[in-house]
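# Observations on chain architecture
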Amino acid sequence: MGDPIALKDEGNKFFQAGDIDKAIQSYTEALKLCKDKKVLAVIHRNRSACYLKKENYANAASDASKAIDVDAADIKALYRRCQALEKLGKLDMAFKDVQRCATIEPKNKTFVDTLRRLGADIQAKLKTSFSTDSRVQNMFDILLDDEMDKDTKEKAANNLIVLSREDAGAERIFQNNGVPLLLNMMESSKTEMILAAVRTLSGMCTGHKARAMAIINMVGIDKMCSIMAVDNEEISLAACNLFQSINDSLTGADKREYGKGEALVLDASKDLKTILLSLLEMVASKKVSGHGRDQALNLLSKNVPRKDQKDHDNSRSLFTIDNGLKKILKVCGQVSELPDQLPMTENTQLIASVLLSKIYDDLRNDPERNNFRDVCDAYIKAKIDPNNMDKTIHAINTISGLLQGPFDVGNALVGHQGIMEMMVALCGSEREVDQMVAVEALIHSSTKMSRASFIITNGVSLLKDIYKKTKNERIKIRALVGLCKLGSAGGDDYGLRQFAEGSTEKLAKQCRKWLCNPQIDNKTRNWAIEGLAYLTSDADVKDDFVEDEPAMKAMFELAKSKDKTILYAVACTLINCTNCYDKKEVIPEMVQLAKFSKQHVPEQHPKDKKDFIERRVKRLLKAGIISALSVMVKADNAILTDQTKEMLARVFLALADDPKDRGTIVAHGGGKALIPLALEGTDLGKTRASHAIAKIAAISNPEIAFPGERVYEIVRPLVGLLHTDKDGMQNFEALKGLTNLAGFSEKLRVKIVKEDALADIENYMFEEHDQIRQAATECMCNLVTCKEVQNRYMADGNDKLKLLVLLCGEEDDVLQIAAAGALAMLTAAQKKLCTKITLVTSQWLEILQRLLIHTHPKIQHRALVIVYNMLNADDDALAKKLIETETLEILTVIGKAEDNPKRQDAIDVARQCLVRAMELGLIKPFSTPS
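Residues numbered from 1 in each chain as written. Predicted model: local features only at pLDDT ≥ 70, side-chain atom pairs only at ≥ 80, totals over all residues. Heavy atoms only, no water.

### Let's talk about the overall build of the chain
Just so we agree on the cut-off: Secondary structure elements are defined from DSSP: runs of H or I of at least 4 residues count as helices, runs of E of at least 2 residues count as strands, and each element is numbered from the N terminus. Here's how the labels work: a residue is buried when its accessible area is under 20% of the maximum for its type, exposed when over 50%, partly exposed in between, all with a 1.4 Å probe on protein chains only. We call two residues contacting when some pair of their heavy atoms lies within 4.5 Å. Values of accessible area rely on a 1.4 Å probe in the Shrake-Rupley scheme; residue burial ignores everything except the protein chains shown. In this tally, Lys and Arg are treated as positive and Asp and Glu as negative; His is ignored, and so are the chain termini. Every charge is mapped onto a representative atom, which is NZ of Lys, CZ of Arg, CG of Asp or CD of Glu.
A tally of regular secondary structure across the chain gives 54 helices and zero strands. By the burial criterion, 53% of the 930 residues in the chain qualify as buried. Long-range contacts, defined here as pairs at least 24 residues apart, represent 68% of the contacts in the chain between residues at least 6 apart. Per element, the accessible surface of the chain, about 44,400 Å² overall, is 51% carbon and sulfur. Taking the average location of the 130 positive side-chain charges in the chain and that of its 130 negative ones, the two points are 2 Å from each other.

If you want it as structure tokens, here you go:
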């Protein structure tokens, strides 16, 4: 048995040594053995101090309370409990404890100050609470008043939304029986009232697990689904956001802290499972509108697949396959021309295809993927019926959906015996809807070169026949797109053309003709863009297209429409026109070797050279490409896939290549549109978007290019380009962009420092590449006004200051201006650095004097400022040392020079230096004999 007193003393020693964990362990052991109440109280009081150090405030308060139970006047325990209760947000109780402390020791300054501070905090909290209470109650009174006019009620409902986004407001609404009132508002026939109710609930659920679970039970998942199912895009989207807020709160995806209630919440897995099942039920329900179906699919797409592939739990995807894969396939197979189909929007089937692709990509092994394929296979086999053409074309359309999603699954299905034959047979059907579905399936199945070669052999003549014979424009254009796709199977390889010379230009001309025809419905015109997406891999076609301004403008207008299925095709067309796809480097020796061995060698089209590309970029900018890209970037994430984002980022980068065009990009909102592309998507896409931002940030006014708070969002993408895995041009332009930002405001400088950019910037100051070294030094020059940057130069044990001094001695004027400017500002801000300069290198005086006699006015001016700072550094020895050298002669020559507007700054500072030297008694004023 141990001795509790010895264990207590041992705990005290550990506490004094700063080993808090061992102190807690010793005190805990002592508590188990001790029987004396007074000693127990002391141990509890001591352990309470340990828990305060560990920020375990609940245990700290508990231990202090046990000590107080023994001795109500234990002043140490009382104050420790006060500290713990304050951290737990229990200000009233903390105030009572410190009030007792102050009564016992009225002259104790710590107790008096704490009492005053807590009193002020309580008053402020009460004021806020009463204010929020009254505002919430006022909104309720207005909404419940039947005689109140419509505008006032709508304004009150919108005010509730604002209040719900603050935790205090959300809690007041909840506590004041607000949920039943919001349910009544949701029963209203007025869109504005329903939207306000749903958005208020969304605010109340955000980041608060306990409230989210309570609202699920009070409102009901079925009710929320019925709201999302209505045929109103705004209401469906609001309900979707409510579901997302609930999901983020229950899963912990929302990391914000709202209130303390969440620690008491039970397991949320049951509610999450019910929500998932309800969404899957909505996917194939006829009672759900097209907008509601889109939002259900979007929620599944966002929340079913894993966010991080390192997380091994993909149970949501497996559950969705078992309970909803056939329902998603049903959506893919819908043919709007047939009777009794599900209500859908233009985007529904594409969203479903994207969801299928994400779920398939989320599977971890072959058995899981085989199960996915087996479910799809069984679904298709069950639908193909030679005696029921409606079921058969549903199956073929489902395969089209899979070919746009998990292509491997769709491709395997096309390869099954009889499927391709069925598609060919449907092309010859008398029903136009059969022909249309079959042609679309042929188009999607020819994505891969191997499949394209099969269709070139077997399907080109079929598509040509359909194109010539049909009078239906919708089928005609699809057949044409099929021919376009097959005609572009060789990509941009000039020597690998599928069709005869001039054929692709003819196909493209027809596509442009349809595209510019407003009499044709938008969905059919979208197919014309699909055709151009394939054909513009040919440089003749892309050159003709950019010369056709009406066609470009028509494409941009369609890209801005509600039908977002076109985004990928538009992005492909723009990628081709700007030639911003990755090109393999062609080594001349390998080309000669390939020709010698009679192998095919890719050839560049004459119109794919730099001057042609630059001309195409100018034409695209003139036609309004930036406004179209800005709208495309805002599309729903389910349709705007990471691949599409990457393509848009590439296009932006190509457009920003010429500095003269960057003003146009900024003027049309391109800077703002680039930010989401730089923050989300593929690594390559984020890098391309960040590089485009760097190009714009390097030469534009940040306040105009990235208005408002957005300017702070671009710092992280720019800092990301400084990493060593990025190329030299990306490093250089990121540094130029950061330099511009650092020169704009202190808040931006602090943001750059917080993003841990300093180490990378300092590394590039050592870079051998002249331009990168210049840019890094200029950036540092703009950052040195930051206190944290100055502290890095003040710290001992590094060569940061030495590097700046040595950079001043380089022969590069730009580099000297930046380095000398940094030293001038550092020595002005921190007097100790004036002395430190003389210690970091023995060459400091020689370098400084070379700067003083430099012919460049800016370099000379900065050197004179450094000398002036040294004379004002309160270091008499340093000032004397300077004046005893040739520095005095240089200062005298410059100071006595006649006024000269070009060098006036330097002359003025030289004179100030001489005046300061006289004030210090180092030189005497010159006087002439009488």
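There is more to say after this.
### Structural notes on the pattern of salt bridges
Counted only if it meets this: A carboxyl oxygen of Asp or Glu within 4 Å of a side-chain nitrogen of Lys or Arg is what we treat as a salt bridge.
Summed over the entire model, instances satisfying the criterion amount to 52 salt bridges. The residue Arg369 makes a salt bridge to Asp366 at a minimum N-O spacing of 3.4 Å. Of the two residues, Arg369 and Asp366 are both situated in helix H19 (residues 366-383); the distance of three residues between them amounts to about one turn of the helix. Taken together, the shared-partner salt bridges connect Asp543, Glu547, Arg615, Arg616 and Arg619 into one network.

### Some words on a positive patch on the surface
Cut-off, in case you're wondering: Within the patch definition used here, like charges are joined within 9 Å and nonpolar side chains (Val, Leu, Ile, Met, Phe, Trp, Tyr) within 5 Å, considering only residues with over 30% relative accessible area and no salt bridge.
Side chains of Lys302, Lys307, Arg316 and Lys358 sit close together on the surface and give a patch of like positive charge. Mapping Lys358 onto the fold places it in helix H18 (residues 348-361).

### Concerning the packing of helix H15 (residues 269-283) against helix H17 (residues 315-332)
Each pair of packed helices gets described by two things: the angle between the helix axes and the distance between those axes. What counts, and what does not: For helices, the axis comes from a line fit to the C-alpha atoms of the stretch in contact; other axes are also lines fit to C-alpha atoms, and the angle between any two N-to-C directions lies between 0 and 180 degrees. Our angle categories are set so that under 35 degrees counts as roughly parallel, over 145 as roughly antiparallel, 65 to 115 as roughly perpendicular, and the remainder as oblique. Each crossing gets its handedness from the near helix: less than a right angle anticlockwise from the far helix is left-handed, clockwise is right-handed. Residues are grouped as follows: Ala, Val, Leu, Ile, Met, Phe, Trp, Tyr, Cys and Pro are nonpolar; Asp, Glu, Lys and Arg are charged; every other residue, Gly included, is polar.
The contact between H15 and H17 brings their axes to 8 Å, and the two run at 15°. Compared by their axis directions, H15 and H17 come out roughly parallel. Along this stretch, H15 crosses H17, giving a crossing that reads as left-handed. Contacts from Lys273, Leu276, Leu277, Leu280, Glu281 and Val283 in H15 reach Arg316, Phe319, Thr320, Asn323, Gly324, Lys327, Ile328 and Val331 in H17. Classifying every residue of the contact of H15 with H17 gives seven nonpolar, three polar and four charged.

### Re unusual backbone geometry
We note that Asn177 has phi near 60°; this positive angle belongs to a residue other than glycine. Within the secondary structure, Asn177 sits in the loop between helix H9 (167-175) and helix H10 (178-186). At Asp874, a residue that is not glycine, the phi angle is positive and equals roughly 60°. Tracing the chain through its elements places Asp874 in the loop between helix H51 (857-871) and helix H52 (876-883). With a relative accessible area of 59%, Asp874 lands in the exposed category.

### Brief notes about the packing of aromatic side chains
Convention followed: In this analysis, rings of Phe, Tyr and Trp, with Trp reduced to its six-membered ring, are considered paired at centre separations within 6.5 Å, and the interplanar angle assigns stacked below 30 degrees, edge-to-face beyond 60, and tilted for intermediate values. Whether a charge lies above a ring is judged from NZ of Lys or CZ of Arg, which has to be within 6 Å of the ring centre and within 35 degrees of the ring normal.
Evaluation of the coordinates by the stated rule reveals three aromatic pairs. Between the aromatic rings of Tyr467 and Trp514, the centroid separation amounts to 6.5 Å while the plane-to-plane angle is 85°, which identifies the pairing as edge-to-face. Residue Tyr467 is located in helix H25 (residues 460-469), and its partner Trp514 is located in helix H27 (residues 503-515); the two are separated by 47 residues in the primary sequence. Grouping residues by exposure puts Tyr467 and Trp514 together as buried. The cationic tip of Lys476 hangs over the ring face of Tyr467; the distance from NZ or CZ to the ring centre is 4.6 Å.

### A few points about the side chain of Thr887
Definition in use: For the purposes of these results, a polar contact is taken to be a pair of N or O atoms within 3.5 Å, where, inside protein, one atom must be able to donate a hydrogen and its partner to accept one; residues adjacent in sequence count only when each atom of the pair is a side-chain atom.
Following the sequence through the fold, Thr887 ends up in helix H53 (residues 887-896). Given the relative accessible area of 0%, Thr887 is considered buried. A polar contact of 3.2 Å, which involves the side chain of Thr887, links it to the side chain of Gln849.

### Examining the environment of Arg100
Turning to its location among the elements, Arg100 is positioned in helix H6 (residues 91-104). Every residue in contact with Arg100, bar those within four places of it in the chain, is listed here: Ile68, Ala72, Leu78 and Arg81.

### Topic: helix H16 (residues 290-303)
Quick reminder: α-helices carry 3.6 residues per turn. Residues three or four places apart thus point the same way. Put simply, the rule reads: Multiply 1.5 Å by the residue count of a helix minus one, and that product is the helix's expected span.
Look at H16: 20 Å from first C-alpha to last across 14 residues, which is about the 20 Å you get at 1.5 Å a residue. Taken as a whole, H16 has its buried residues at Gly290, Gly292, Arg293, Asp294, Gln295, Ala296, Leu297, Asn298, Leu299, Leu300, Ser301 and Asn303. Packed against the buried residues of H16 are helix H13 (221-228), helix H14 (233-251), H15, H17 and H18.

### Comments concerning the confidence of the model for the chain
Our working rule: On a range of 0 to 100, pLDDT expresses the predictor's confidence in each residue.
With 91% of its residues at a pLDDT of at least 70, the chain reaches an overall mean of 86. A low-confidence stretch, residues 257-265 (pLDDT under 50), is modelled with 16 contacts involving residues beyond four sequence positions or located in other chains.

### A look at H51
With 15 residues, H51 extends 21 Å from end C-alpha to end C-alpha; this agrees with the ideal 21 Å at 1.5 Å per step. Every buried residue belonging to H51 is among Ile859, Gln860, Ala863, Leu864, Ile866, Val867, Asn869, Met870 and Leu871, and all of these are buried. On its buried face, H51 sits against helix H48 (813-829), helix H49 (832-840), helix H50 (844-852), H52, H53 and helix H54 (904-919).

### Quick notes on the nonpolar core
Stated precisely, the cut-off is as follows: Working definition of a nonpolar core: buried Ala, Val, Leu, Ile, Met, Phe, Trp, Tyr and Cys residues. They are joined through side-chain atoms within 4.5 Å.
Core analysis: the largest hydrophobic core is formed by 270 residues, its most contacted members being Phe372, Leu515, Ile625, Leu629 and Tyr793. Here the element with the most residues in this core is helix H11 (residues 191-205); it accounts for nine residues. Setting aside residues up to four positions removed in sequence, Ile625 forms contacts with Phe556, Leu574, Leu620, Val651 and Leu655. With 34 residues, the next largest nonpolar core counts Leu31, Tyr57, Ala61 and Phe111 among its residues.

### Looking at the side chain of Gln904
Among the structural elements, Gln904 can be located in helix H54. Looking at Gln904, the relative accessible area reads 18%, which means it is buried. Not counting the four nearest positions on each side in its chain, Gln904 is found in contact with Asp899 and Arg911.

### Examining the state of the cysteines
A covalent bond bridging the sulfur atoms of two cysteines is what the word disulfide describes. Note the following rule: For the purposes of this analysis, a disulfide is any pair of cysteine sulfur atoms at a distance within 2.5 Å.
Summed over the entire model, instances satisfying the criterion amount to zero disulfides. Cys376 provides the cysteine sulfur closest to Cys332, a residue in no disulfide bond, and the two sulfurs are 9.0 Å apart. Its relative accessible area of 2% is what places Cys332 among the buried residues.

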